[in-house]
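Results of the structural survey
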Amino acid sequence: MIYQPQQYRIKDERMKPFIDPEEIWDFIRDTKSTKERVREIIAKSLDKNRLNLEETAVLINTTDPELVDEIKEGARELKSRIYGERIVLFAPLYIGNYCTNNCQYCGFRTENKKQHRVTLNKKQIHQEVKSLEDVGHKRLILVYGEHPKYTPEFIAESVRDVYKVKSKNGEIRRVNINAAPLSIEGFKVVKDSGIGTYQIFQETYHPETYAKVHPSGAKRNFDNRLISLDRAQEALIDDVGIGALFGLYDWRYETLALLRHVNHFEATYNIGPHTISFPRIQNASDLNLDNSYAVSDDDFTKLVAILRLAVPYTGLILTAREPIHIRNEVMRYGVSQIDGGTNIQMKGYSSKDAEEQNLDTEQFEICDTRTLGEIITELIGTGYIPSFCTACYRLGRTGEHFMEFSVPGFIKRFCDPNAILTLAEYLEDYATDEVKEKGYKAIFKRLDNEGYKNEKAIRERLTKIQNGVRDLYF
Ligand code: SAM
Ligand code: SF4
C-alpha cells in the first residue's frame, strides 16, 4: 500500500536525507564567475569529466552575456562531439488522475473540484495504446496521480496491459513510469512488470518551499520523497529519473540541488540517475500560484546548458510543456529525449473530443501540440535522427547513457545504427511518401559518410526492414 509513511522509516545509513540548503546556498554565494574560470570549467567538461558543485556554481553565477554564450556553445559542442544527432522519442500516457495530494501547482490536486477524475479501464488502456502505436510510438511513460487506487499491483497490471497491445506492426517496447513513491516491496512489484525508468521528481529541493506547496497528503513528507528513489535502488530498479519543477523556488538553487542528488546516487550506488527532467510550471486548471520564481527563457536555456556540462553522461528530457522554439534551442545543448504527438487529456489519444486542450481534463497546459509526424519531419529536416531505440533496455544493458559517454565507439556501433533501424521501421509503417523519401535520403547519406564499422550489417538489416521484418537491433 502507498499510504503508510511509517513504512518508510529509514533503516539504512544510505537512505539518510542528503540535502542541506545552507550548503547549496554557500556554494552559490561563495563562488565567483571569471572568464578564466568559466573557460577552464567548460574545458574540463569537454574533456569528459563531470563537474563538482563548486564548478557548477561558477557557471550558475555567470551573467556576462558573452560568457553565457560560451557556456551554451560548450554544451552544444559536448552534445555534438559525444552524442551526435540522435533524439529519442516517447509519449506520456495518463492512466489515472485521482489524487489525494494537494500540490498547489497541479491541476490534479485533490481540492480542485473542477478536474474530471478518470482511471482508464483495460479497454480504455487498449484504445489509447492502439492509437499511440498507430502513429508509430514504441516508448511510453505511464503517469498516475497518488491515490489508494493506484497500488503497486495496479501499476504493474497496467504496464502488462500496455505491453500486450499489438496493432499491425505496432508494439510498445519500453514502458517508463512517473508515479508516487512506493515502499521497497511496492517497487519490486512494479519492477517485475518489466518497466524501464521509474521517475519521481522532488519538485523543489527547498524544504520550506516544499512544505508551502504541499499543504496536505502523503506527498507532504519531503524526506520520504527525497529518498524514494533510494528505495527503488534497494528494489533493484537502478534505472531512475530525477527532476525539479522549475518556478517553485530559485532556479540556481534547484539546479545545484539536482547535481547534489546525482552526487548522492553516485556516491551510494556507483551509478547516477538515468535521466534528469526540468519541467517549468505551466498553467493548469484553477491555478492560483505565486509566480515570483518563474524562470525566464534566458535562465532556462542557460540552466539546461549548465546541466549538460555538469553531468555529461546523464539523459536530459524535455517535454511538450515547452514551446517549439525553446525545445529546438535546448535540443542543441544536449537534450536527448523529447515527447512527440503529446496529448495529456485523459483518454486524449483515442477520443475525438480531446483535440482542443481542456485544462479540466488534464494536468497542465502543453505548448507544443505538433503531431508525432510533424515533429519527425522537422527533426529529419534539421539534421537529427529521430530514434525509437529500446535495444539497451531489452538486452539488459542498463546505464546506456553512461555507456554512450564512456565506452569508446559505443554510439557508432550501437546507438546510431539502432536509431537508423527504428527510423526505417517508422518510415515503412507510418510516414507519408514525402517523409519516407526524405528519411531514407538522410539515412543513406549518413551511411555513406559516417564510416560505421558495421555499415554492411546495417544495410542488410535495412533491406530486411524494407521486406517486412521488424524489431532488428544491435
Ligand atoms: N503524481 C505523481 C507525482 O506527483 O509524483 C506523478 C507525477 S505528476 C502526474 C508528473 C509531474 O508533473 C509532477 O512530478 C510535476 O513535476 C509535474 N507538474 C505538475 N503540475 C505541473 C504544472 N502545472 N506544470 C508543469 N508541470 C507540472
Ligand atoms: Fe497529485 Fe502528482 Fe499532481 Fe501532486 S503532482 S496533485 S501528487 S498528480
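Because the structure is a prediction, the values reported are computed rather than measured. (Residues numbered from 1 in each chain as written. Chains lettered and ligands numbered in written order. Predicted model: local features only at pLDDT ≥ 70, side-chain atom pairs only at ≥ 80, totals over all residues. Heavy atoms only, no water.)

It is worth spelling out the overall build of the chain at this point. Tallying secondary structure elements over the chain gives 19 helices and 11 strands in all. Relative to its length of 474 residues, the chain is compact, with a C-alpha radius of gyration of 21 Å against a globular reference of 23 Å. C-alpha atoms of the chain, sized along the principal axes, occupy 60 × 60 × 40 Å. Intrachain contacts of the chain at a sequence separation of at least 6 include 74% that bridge at least 24 residues. Total accessible area on the chain is roughly 19100 Å²; 48% of this is exposed by carbon and sulfur atoms. Of note, the chain has its 66 positive side-chain charges centred 4 Å away from the centre of its 71 negative side-chain charges. (Helix = DSSP H or I, 4+ residues; strand = E, 2+ residues; numbered from the N terminus. Rg over C-alpha atoms; globule rule 2.2 N^0.38 Å. Contact = heavy atoms within 4.5 Å. Areas by Shrake-Rupley, 256 points an atom, 1.4 Å probe, with all protein chains shown as cover. Lys, Arg positive; Asp, Glu negative; His and termini not counted. Charge placed at Lys NZ, Arg CZ, Asp CG, Glu CD.)

This part covers the site of ligand 1. In the region of ligand 1, 18 residues are neighbours, and Tyr105, Glu203, Lys219, Arg225 and Gln282 sit closest. A distance of 2.5 Å separates an oxygen atom of ligand 1 from a polar side-chain atom of Glu203. Taking Arg321, its side chain carries an N or O atom lying 2.9 Å from a nitrogen atom of ligand 1. Expressed as a share of its isolated accessible area of 560 Å², the protein-covered part of ligand 1 is 97%. (Near = heavy atom within 4 Å. Polar contact = N/O pair within 3.5 Å; in protein donor to acceptor, adjacent residues only side chain to side chain.)

Ranked by internal contacts, the top residues of the largest apolar core, which has 144 residues, are Leu142, Ile177, Tyr198 and Phe278. The contacts of Leu142, once residues within four sequence positions are left out, are Leu93, Ile95, Ser158, Val159, Val162, Val175, Asn176, Ile177 and Asn178. (Core = buried A, V, L, I, M, F, W, Y, C linked by side-chain atoms within 4.5 Å. Buried < 20%, exposed > 50% of the residue type's maximum accessible area, 1.4 Å probe, protein only.)

Of all residues except glycine, most have a negative phi; of all peptide bonds, most are trans. The phi dihedral of Leu236 falls on the positive side, at around 70°, and the residue is not glycine. Take Leu236: it is sitting in the loop between α10 (228–234) and β7 (240–243). Phi angles above zero are rare outside glycine, and Lys347 is one such case at about 65°. The topology assignment puts Lys347 in the loop between β10 (337–339) and α14 (372–381). The partly exposed category is assigned to Lys347, whose relative accessible area is 32%.

Here we come to the pairing of strand β9 (residues 315–318). Side-chain alternation along β9 places Gly315 and Ile317 on one buried face and Leu316 and Leu318 on a second face that is also buried. Both strand β8 (residues 275–277) and β9 contribute to a ladder of 3 bridges, which runs parallel. Its bridge partner being in β9, Ile276 is matched across the sheet by Leu316. You can see the chain leave β8, run along helix α12 (residues 297–310) and come back into β9, and the turn it takes is right-handed. Note that the unit made of β9, helix α13 (residues 324–332) and β10 has a crossover that is right-handed. (Pairing = 2+ DSSP bridges. Right-handed = clockwise from strand over helix to strand, strands pointing away.)

The next thing to look at is the packing of aromatic side chains. Scanning all chains against the criterion turns up 16 aromatic pairs. Taking the centre distance of 6.2 Å and the plane angle of 85° together, the rings of Trp25 and Tyr249 count as edge-to-face. One end of the pair, Trp25, is in helix α1 (residues 21–30); the other, Tyr249, is in the loop between β7 and α11 (251–269), and 224 residues separate them in sequence. Taking the centre distance of 6.4 Å and the plane angle of 85° together, the rings of Tyr144 and Phe154 count as edge-to-face. Taken together, the positions of Tyr144 in strand β2 (residues 139–144) and Phe154 in helix α6 (residues 152–164) put the pair 10 residues apart, joining distant regions of the chain. For Tyr144, a relative accessible area of 7% puts it in the buried group. Following the ring pairs from residue to residue traces out a cluster consisting of Trp25, Tyr249, Tyr253 and Tyr293. (Phe/Tyr/Trp six-rings, centres within 6.5 Å; stacked < 30°, edge-to-face > 60°.)

Annotation of the chain at the domain level lists domain 1 (21–79), domain 2 (85–370) and domain 3 (408–466). The distance between the C-alpha centroids of domain 2 and domain 3 comes to 30 Å. Taken together, the contact between domain 2 and domain 3 spans 10 residues of the former and 10 residues of the latter. Carbon and sulfur atoms make up 41% of the area that domain 2 and domain 3 hide from each other, which totals about 710 Å². The interface formed by domain 2 and domain 3 holds 3 salt bridges in total. (Domains from an automatic or database assignment. Buried area = accessible area lost by both parts, 1.4 Å probe. Salt bridge = Lys/Arg side-chain N within 4 Å of Asp/Glu carboxyl O.)

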